[in-house]
Amino acid sequence: MSTADQRHVPVLGPEAVEMLSPRAGGTYVDATFGAGGYTRLILATPGTRVIGIDRDSTAIAGGADLATEAGGRLTLVENRFSALADICSAQGLGHVDGIVMDVGVSSMQLDSAARGFSFRFDGPLDMRMGGQGPTAADIVAQASERDLADVIYIFGEERHSRAVARAIVAARKEQPITTTRQLADLVARVVRSKPGDIHPATRTFQALRILVNEELDELEQALSAAERILAPGGRLAVVSFHSLEDRIVKTFLAERSKTGGGSRHLPEIAQEAPSFQLLNRKPVVADEAETEANPRARSAKLRGAERTAAPTHVAAKSSPWPRLAAVLRGG
């Protein structure tokens, strides 16, 4: 299979769309359109309509042919997926019948040296999915050593985060760190690896990408938006690729599907009626054939739930992880 073909095969695509159970006349949201793989599978059910959202203008432009083929059944919107409820409202939709999310960076973005997401290619240290706002190079240049260490530890789960942060601050005094190769080589001198291990810079690059794109905030907000816009009986399917994302999805769905409370020795604990019913308690993972064809699928986890008729829950407080604006101010 060529690289171009692989881009059109979404990870756990058939499983995610089967979980949505699209029906003729239903309206669905592909909240992370990318190369349009999930959308194609949904549109295969005659009479469905899809709202495709992506913050990457390249993805939206790339979906123009599919929109033409769909004959008015596909609407593409360039925006963050956290705004999906507002986007649907702007399309005159009070509710939708299903939402699919493929969280994180896309293969197209990783494979483009000019986007600066991957240390596999030498390119500008950018990492922006949407092309607006500060770049990874801005963070590396401006953030304090303490903030860099926190970001790399929390978002990258890198246990050598303090050593990496020290090395970055020392190196930027000598010359600006503006390319992916500069940063990857710098981290590799600090984080030692054994044959067969992931590249030493993997976790640092992940951390910077998550911060640049505010990915975890986006995910929390998108899940809440999905709760607001899904019709009773509507379904949510989320594919995540690392433990931080999966933990957010798992926690959100567990809290929204919780019933009862207390114990036989204590009074019933008052709590909001469940707004979701879980479709799977254990995540769906890729089989051996898919992981061989697409190594990225190895870490993928699919979770789903069906919206009940209960009111939307009160939104929880924001999680206490580093924020982009605060990190840049601290520098």
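Everything in this summary refers to the structure shown in the same document.

The rules we used
- Residues numbered from 1 in each chain as written.
- Predicted model: local features only at pLDDT ≥ 70, side-chain atom pairs only at ≥ 80, totals over all residues.
- Heavy atoms only, no water.
- Helix = DSSP H or I, 4+ residues; strand = E, 2+ residues; numbered from the N terminus.
- Expected span 1.5 Å × (residues − 1).
- Buried < 20%, exposed > 50% of the residue type's maximum accessible area, 1.4 Å probe, protein only.
- Contact = heavy atoms within 4.5 Å.
- Core = buried A, V, L, I, M, F, W, Y, C linked by side-chain atoms within 4.5 Å.
- Salt bridge = Lys/Arg side-chain N within 4 Å of Asp/Glu carboxyl O.
- Phe/Tyr/Trp six-rings, centres within 6.5 Å; stacked < 30°, edge-to-face > 60°.
- Lys NZ or Arg CZ within 6 Å of the ring centre and 35° of its normal.
- Pairing = 2+ DSSP bridges.
- Right-handed = clockwise from strand over helix to strand, strands pointing away.
- Axes fitted to C-alpha atoms, helices over the stretch in contact; angles between N-to-C directions.
- Parallel < 35°, antiparallel > 145°, perpendicular 65-115°, else oblique.
- Left-handed = near helix turned anticlockwise from the far one by under 90°.
- Nonpolar A, V, L, I, M, F, W, Y, C, P; charged D, E, K, R; others polar.
- Lys, Arg positive; Asp, Glu negative; His and termini not counted.

So, on to unusual backbone geometry. Despite not being glycine, Glu157 shows a phi value in the positive range, around 50 degrees. With respect to the helices and strands, the residue Glu157 is situated in the loop between α9 (145–156) and α10 (161–174). The residue Glu214 is not glycine, and still its phi comes out positive at about 50 degrees. Secondary-structure assignment places Glu214 in the loop between α12 (202–212) and α13 (215–229).

Relative to the 20 Å expected for 14 residues at 1.5 Å per residue, helix α14 (residues 243–256) spans 20 Å between its end C-alpha atoms, a close match to the ideal helical length. Buried within α14 we find Leu244, Glu245, Asp246, Ile248, Val249, Phe252, Leu253 and Arg256. Where the residues of α14 are buried, they touch α9, α12, α13, β5 (230–240), β6 (276–278) and β7 (301–307).

Okay, the nonpolar core next. Counting residues in each nonpolar core, the largest one holds 70 residues, and the members touching the most others are Ile99, Met101, Ile139 and Leu236. Val11, Leu20, Phe33 and Leu66 belong to the second largest nonpolar core, which has 23 residues in total.

According to the stated counting rule, one finds 13 salt bridges in the structure shown. Of the charged contacts, one joins Asp246 and Lys301 as a salt bridge, the two residues approaching to 3.9 Å between their closest N and O atoms. Here Asp246, found in helix α14, pairs with Lys301, found in strand β7; they are 55 residues apart in sequence, far enough to count as distant. A residue is classified by how much of its surface remains accessible, and Lys301, at 34% relative accessible area, is partly exposed. Each of Arg80, Glu214 and Glu218 takes part in one network of salt bridges that share partners.

Before going further, it helps to spend a moment on the packing of aromatic side chains. As enumerated under the stated definition, the model contains 1 aromatic pair in all. Sitting above the plane of the Phe241 ring, Arg296 keeps its charged end 3.9 Å from the centroid.

Before going further, it helps to examine the pairing of strand β2 (residues 49–54). The buried fraction of β2 is high, at 5 of 6 residues. Bridge count for strand β1 (residues 27–30) against β2 is 4 bridges, and the pairing is parallel. Within β2, the position partnered with Thr27 by the bridge is Arg49. The parallel pair β1 and β2, bridged by helix α3 (residues 37–43), forms a crossover whose chirality is right-handed. Pairing analysis gives 5 bridges linking β2 to strand β3 (residues 74–78), with the strands arranged parallel. By the bridge assignment, Val50 is partnered in β3 with Leu74.

In a pair of packed helices, the angle between the axes and the distance between the axes together describe the arrangement. The geometry of α13 relative to α14 is characterised by a closest axis approach of 10 Å and an angle of 25 degrees between their N-to-C directions. With respect to each other, α13 and α14 are oriented roughly parallel. Like other packed secondary-structure pairs, α13 and α14 cross with a definite hand, here right-handed. Contact residues: α13 offers Glu215, Leu216, Leu219, Glu220, Leu223, Ser224 and Glu227, while α14 offers Leu244, Glu245, Ile248, Val249, Phe252 and Arg256. Each residue belonging to the contact of α13 with α14 can be placed in one class, and the counts come to 7 nonpolar, 1 polar and 5 charged.

Ordered by their spatial adjacency, 7 strands build an open sheet running β3-β2-β1-β4-β5-β7-β6, and the pairing between neighbours is mixed. The open sheet terminates on both sides in strands that have one partner only, identified here as β3 and β6. Neighbour-to-neighbour, the strand axes of this sheet turn through a mean angle of 20 degrees, independent of strand direction. Packed on one face of the sheet, α13 meets β4 (96–102), β5, β6 and β7 and runs near 160 degrees to β5.

This part takes up the packing of α9 against α12. It is at 8 Å that the axes of α9 and α12 come closest, and there the two elements cross at 100 degrees. Taken together, the axes of α9 and α12 lie roughly perpendicular to each other. Where α9 approaches α12, its residues Val151, Ile152, Phe155 and Gly156 are matched on the opposing element by Arg203, Thr204, Gln206, Ala207, Ile210 and Leu211.

Mapped onto the fold, Asp30 is located in strand β1. Here Asp30 occupies a buried position and makes no salt bridge, while the nearest side chain of opposite charge, Arg40, is found at 9.2 Å. The residues contacting Asp30, other than those within four sequence positions of it, are Tyr38, Thr39, Val50, Ile51, Gly52, Ile53 and Val100.

Relative to the elements of secondary structure, Ala70 occurs in the loop between α5 (64–69) and β3. We classify Ala70 as buried; its relative accessible area is 9%. Measuring from C-alpha to C-alpha, the distance between Ala70 and His242 comes to 33 Å, with 172 residues separating the pair along the chain.

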